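Each chain, written out:
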Amino acid sequence: MPEFAWRAASAGGQLVQGQTDAPSADVVLRQLRERGLTPIRVDEGGALAAGNLGAGGALARFGQSRRTPRGPVKPADVRTLTSELSIMLRAGLALDNALRVLIEMSAKPSLKTLLEGLLEDVKGGAPFSRALATHHELFGDFYINMVRSGEASGKMSQVLERLVAHMERLRALRESVISATLYPAILLCVAVLSLTVMLALVVPQFQKLFADMGDALPLPTRILMALDNGFRHYGLFIGAALVAAGWLAWRWFATPEGRTWWQARVLSLPVIGRLQYQYQLMLFARALGTLLGNGVPLLTALHIATETVGNDNLRQALAKMTPLVKEGGRMVRAMQATQAFEPLAINLVRVGEETGRIGPMMNELAEVLDRNVETGIRRALTLLEPVMILALGVLIACIIVSILLGVLSINDLAK
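These remarks concern the structure in this document. A quick note: this is a predicted structure, and the numbers were derived from the prediction, not measured.

One pass over the structure, following the stated rule, counts 13 salt bridges. Between Arg-90 and Glu-161 there is a salt bridge, with its nearest N and O atoms 2.8 Å apart. On the criterion of sequence distance, the pair formed by Arg-90 in helix 2 (residues 75-90) and Glu-161 in helix 7 (residues 156-202) is long-range, its members being 71 residues apart. Take Arg-90: its relative accessible area is 48%, and that puts it in the partly exposed class. The residue Arg-378 makes a salt bridge to Glu-374 at a minimum N-O spacing of 3.2 Å. Taken together, the positions of Arg-378 and Glu-374, both in helix 17 (residues 358-414) and four residues apart, correspond to about one turn of that helix. On the accessibility criterion, Arg-378 (48% relative accessible area) is partly exposed. Linked through salt bridges whose partners overlap, the residues forming this network are Arg-79, Glu-168, Arg-171 and Glu-175.

Below, the discussion takes up the packing of aromatic side chains. Under the defined criterion, the tally for this structure stands at six aromatic pairs. With a centroid separation of 6.0 Å and 55° between ring planes, the pair formed by Phe-284 and Phe-341 is classed as tilted. With Phe-284 in helix 11 (residues 272-293) and Phe-341 in the loop between helix 15 (331-338) and helix 16 (343-355), the pair connects residues that are 57 residues apart, well separated along the chain. Residue Phe-284 shares its accessibility class with Phe-341, and that shared class is buried.

The subject of this paragraph is the environment of Gly-71. For Gly-71, the position within the fold is in the loop between strand 3 (38-44) and helix 2. Between the alpha carbons of Gly-71 and Lys-108 there is a distance of 8.0 Å; along the sequence they are 37 residues apart. Beyond its immediate sequence surroundings of up to four residues, Gly-71 is in contact with Lys-108 and Ser-110.

Our focus in this paragraph is the layout of surface pockets. Its volume calculated, the largest pocket comes out at about 620 Å³. Phe-139, Phe-142, His-166, Met-167 and Leu-170 are the residues nearest the centre of the largest pocket, which is lined by 23 residues in total. Among the secondary structure elements, those contributing two or more residues to the lining of the largest pocket are helix 2, helix 6 (136-153), helix 7, helix 11 and helix 12 (298-307). No other element matches helix 6, which puts seven residues into the lining of the largest pocket. Classifying every residue of the lining of the largest pocket by side-chain character gives 13 nonpolar, six polar and four charged. Reported here for the second largest pocket is a volume of approximately 500 Å³. Lining the second largest pocket are 17 residues, and of these Val-177, Thr-181, Ile-272, Leu-275 and Ile-377 lie nearest its centre. Every element with two or more residues in the lining of the second largest pocket is listed here: helix 7, helix 11 and helix 17.

We now examine the side chain of Thr-82. In this fold, Thr-82 is placed in helix 2. Overall, Thr-82 belongs to the buried group, its relative accessible area being 0%. If sequence neighbours within four positions are ignored, Thr-82 has contacts with Tyr-143, Leu-160, Leu-163, Val-164 and Met-167.

Residues other than glycine seldom take positive phi values, yet Gln-339 does so here, at roughly 55°. Under the relative-accessibility criterion, Gln-339 is labelled exposed at 75%.

Rules and cut-offs
Along each chain, numbering runs from 1 in the same order as the chain's sequence is written. The predicted origin of the model limits local features to residues at a pLDDT of at least 70 and limits the giving and counting of side-chain atom pairs to 80 or more, whereas totals for whole chains, interfaces and linings rest on all residues. By convention in this description, side-chain values take in all heavy atoms of the structure and omit both hydrogens and water. Throughout this description, the term salt bridge denotes a Lys or Arg side-chain nitrogen within 4 Å of a carboxyl oxygen of Asp or Glu. By definition, any uninterrupted DSSP run of H or I lasting at least four residues is a helix, any uninterrupted run of E lasting at least two residues is a strand, and each is numbered from the N terminus. Accessible area is worked out with a 1.4 Å probe on protein chains only. A residue is then buried under 20% of its type maximum, exposed over 50%, and partly exposed in between. Between 30 and 60 degrees the pair is tilted, below 30 it is stacked and above 60 it is edge-to-face, where a pair is any two Phe, Tyr or Trp rings, Trp via its six-membered ring, whose centres lie within 6.5 Å. Should any heavy atoms of two residues lie within 4.5 Å, those residues are counted as being in contact. Two kinds of site are reported from a 1 Å grid over the protein atoms alone, namely cavities, where a 1.4 Å probe fits but cannot get out, and pockets, open sets with protein on both sides within 12 Å along at least five of seven lines, and residues are called lining when an atom falls within 4 Å of a point. Grid points are joined across faces, edges and corners, and a volume is the space filled by probe spheres set on the points. Each residue gets one of three labels, nonpolar for Ala, Val, Leu, Ile, Met, Phe, Trp, Tyr, Cys and Pro, charged for Asp, Glu, Lys and Arg, and polar for the others, Gly among them.

Below you can see the structure in the form of structure tokens.
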């Protein structure tokens, strides 16, 4: 019979753990619930060794890495926190007890401090949403208002589940983009390294051979020799100038004026602009659909969803919707006034208004845009890879041909 290591929370908020022989994980879960415990984790094979009882009656924290995680609280920490809190609330644990369990489970000092602050506020009588609002830069309007709607409806665990699903979808999209761009990035590094080696090691070997020929060398060879001389004598200065220019550009793009200018240029690019446009609208539609589906009023949901859009130009266009709807206008009319939505989006929302299902229609729009973005990224990168390989081959071929032309010109002079 296999052995299972488990972790659970008691009704009093204490973390307990142990090992049990059982036919399956489902049997372990049932046994834990029969004992009045809230299962948090069950692993087969006894991989998580049980600890010893502490003074407070809880078992020592297990599964903690040998090296304590450091650094600030990250989005991944918030996602894990939300998932575990949802599980415990769904199992019937009170919010303050669930927070105590999370504090005991936490191995990261910054996360533990955050949870202790949230527990302190909740014990003082503040709603959970207000406690989260004191850490607005970490959770944001979307998260806080979703929790507020869960408090009003009494469905906190379901709300947290939706938040986890929302964050997981965004994480999956970001990781797919990063994975897709990894190979082109490697190709770019290889191209830069190859050209550097050619100019620094290969071409200088022919400098002495071509030194006395002057204008007798073919034009491509003279250009190559000039580039090589510039690279060897001024390469460090050119590199430093490029680094300084990049740093100054980064500083300017961090300003509101620079960010707005850059984002406008990105939207105007042929392929990337289209993908960025659809990605930002996907964020808006996903946030709006999730908020409306959770009972947040339309005007509040519109304002919050607009703030989730990262492109300043597009956000300014979407911000026109809120006052139009506030004046009594229909959602479709407000969308048409922004000139930011395609016919598919407008038709979906029109159907949603007629059927009273704007939230589900916005979620459907988000799914369509999500698929379009993923497909577009794959196609663009599939095209980019051979283009980069071809460009690298052409550059190296130009260097080799330029050297060969110079050698052949020497043979011609010798005749």
